[in-house]
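Secondary and tertiary structure notes
Here are the chains, one letter per residue:
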Amino acid sequence: MGLEEFFQRYFIDPIKYNQGYNAVNTLVYSIILGIAVLLLHKMLKRMGIKVDERFFVALMPYIILGPLMRSITDIGLLPRTYLTVSPGGYFVIAGFAIASLLTVWRHLGPDEKLYPIYRDFGWVLVAGLLFIMVINWNRVSVRWEYFKYFLPAPLVSEAVIWALSKKFELVRKNRTLFYTHFYDATTTFVGIQFFGFWEQHVLARTLMNLLGTPAVMYLEKLAVITIVVYVLDKFMTDEDPELINFVKLTVFILGFGPGTRNVLITLLG
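Before going into details, it helps to say that this report is about the structure given with it. (Residues numbered from 1 in each chain as written. Predicted model: local features only at pLDDT ≥ 70, side-chain atom pairs only at ≥ 80, totals over all residues. Heavy atoms only, no water.)

Here's the deal with helix 7 (residues 152-167)
Put simply, the test is: Strands here mean DSSP runs of E at least two residues long; helices mean DSSP runs of H or I at least four residues long; both are numbered from the N terminus. For a helix, the expected span equals 1.5 Å multiplied by the residue count minus one. Relative accessibility under 20% of the residue-type maximum defines a buried residue, over 50% an exposed one, and the middle range a partly exposed one, all with a 1.4 Å probe and only protein chains included. Working note: the arc is built from the helix axis to C-beta atom directions. Should any heavy atoms of two residues lie within 4.5 Å, those residues are counted as being in contact.
With 16 residues, helix 7 ought to run about 22 Å at 1.5 Å a step, and its terminal C-alpha atoms sit 24 Å apart, in line with that. Burial in helix 7 covers these residues: Ala153, Pro154, Ser157, Glu158, Ile161 and Ser165. Down the axis of helix 7, the buried side of the element spans an arc of 105°, and every buried residue falls inside it. Exposed residues pointing more than 90 degrees away from the buried face of helix 7 are listed as Leu155, Val156, Lys166 and Lys167. Packing partners of the buried residues in helix 7 comprise helix 6 (146-150), helix 8 (169-173), helix 9 (175-195) and helix 11 (216-235).

Topic: the packing of helix 11 against helix 12 (residues 241-268)
To keep things clear, this is the line we draw: Axis lines are fitted to C-alpha atoms, over the contacting stretch for helices. Their N-to-C directions set the angle, which ranges from 0 to 180 degrees. Here is the rule for angles: anything less than 35 degrees is roughly parallel, anything more than 145 is roughly antiparallel, 65 through 115 is roughly perpendicular, and the remaining ranges are oblique. All amino acids are sorted into three groups, where Ala, Val, Leu, Ile, Met, Phe, Trp, Tyr, Cys and Pro are nonpolar, Asp, Glu, Lys and Arg are charged, and the leftover types, Gly among them, are polar.
Where helix 11 meets helix 12, the closest approach of the two axes is 11 Å, and the angle between their N-to-C directions is 170°. Considering the angle they form, helix 11 stands roughly antiparallel to helix 12. Across from Ile225, Val228, Leu232 and Asp233 in helix 11, the residues of helix 12 making contact are Ile244, Val247, Lys248 and Val251. Its residues placed into classes, the contact of helix 11 with helix 12 shows six nonpolar, no polar and two charged.

Details of the packing of helix 9 against helix 12
Packed helix pairs are specified by the crossing angle of their axes together with the interaxial distance, meaning the distance between the axes. Heads up, the rule is: Here a crossing is taken to be left-handed if its near helix is turned anticlockwise relative to the far helix by less than a right angle, and right-handed if that turn runs clockwise.
Two elements in contact, helix 9 and helix 12, have axes whose closest approach is 8 Å; the angle formed by their N-to-C orientations is 25°. Considered as vectors, helix 9 and helix 12 are oriented roughly parallel to each other. Crossing of helix 9 over helix 12 shows left-handed handedness. On helix 12, the residues that touch Thr176, Leu177, Thr180, His181, Tyr183, Asp184, Thr187, Thr188, Gly191 and Phe195 of helix 9 are Lys248, Val251, Phe252, Leu254, Gly255, Phe256, Pro258, Gly259, Thr260, Asn262, Val263 and Thr266.

Some words on the nonpolar core
Filter applied, for reference: What is meant by a nonpolar core is a set of buried Ala, Val, Leu, Ile, Met, Phe, Trp, Tyr and Cys residues, joined one to another through side-chain atoms within 4.5 Å.
With 61 residues, the main nonpolar core has Ile49, Phe55 and Leu101 as its most contacted residues. Phe11, Ile15, Tyr21 and Val85 belong to the second largest nonpolar core, which has five residues in total.

Things to note about the pattern of salt bridges
For clarity, the cut-off: Any carboxyl oxygen of Asp or Glu within 4 Å of a side-chain nitrogen of Lys or Arg constitutes a salt bridge here.
Enumeration over the complete set of coordinates arrives at 10 salt bridges. Across the pair Asp74 and Arg261 runs a salt bridge whose closest N-O atoms are separated by 2.4 Å. Within this pair, whereas Asp74 is found in helix 3 (residues 53-74), its partner Arg261 is found in helix 12, the two being separated by 187 residues in sequence. Note that Asp120 and Arg119 form a salt bridge whose closest N and O atoms lie 3.0 Å from each other. Through salt bridges that share partners, Arg70, Asp74, Arg80 and Arg261 make up one connected network.

No statement about biological role is implied by the geometric values presented.
Laid out in structure tokens, this is it:
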């Protein structure tokens, strides 16, 4: 197999034909994400921007922007191209987020005013996508019955995390991450179990095929997030706390983004 055929099979065709992720592109995208996290952390350090609650709040519209763009692409309101579906769409959103941050920082530096201005610019971008949805609302079909399944499920699943947080310090210290990824697991479970959707990620898809139920997502999420935060909190205590915070922010985005996209595509598709 030549390089061009290899790239076509494992990277182009999965996007072109909506085949989901495979082991090869998952590994490559994971490496790219790891490198990007390190580079972005260094960039923020040079800019004098701390990864704290202010930065998280300012970044929130950009976190919403990704799943919003993906969902309105999936329901046909934006053209389906390599730049509007994952992973290309998330590269585009990351580009917007970084460019916006650099623009605001260039004028203000690491000033307190940077955070609200950066945040508001993100909300403008979100408003632009919502405007596209509103003017095309006649092409949207809302599944109101979705709430019949979705509303009870997170109450039960998040109650499990609440109970675990009372017993285990590791869960208690990182409960936002566990809550977020159980939210993602719930949206996947409901979409597949009751609305005929399918899982795009290769590990989760394999586990579902082996056990015959999308409920395995909860066990997968619990295992993966436990391992991640255990490594971060127990074996990386000598690392820069800002880097640990940024990694945890990335883990949050990897749960919140896909989960929100699942809600929107299932509800509006």
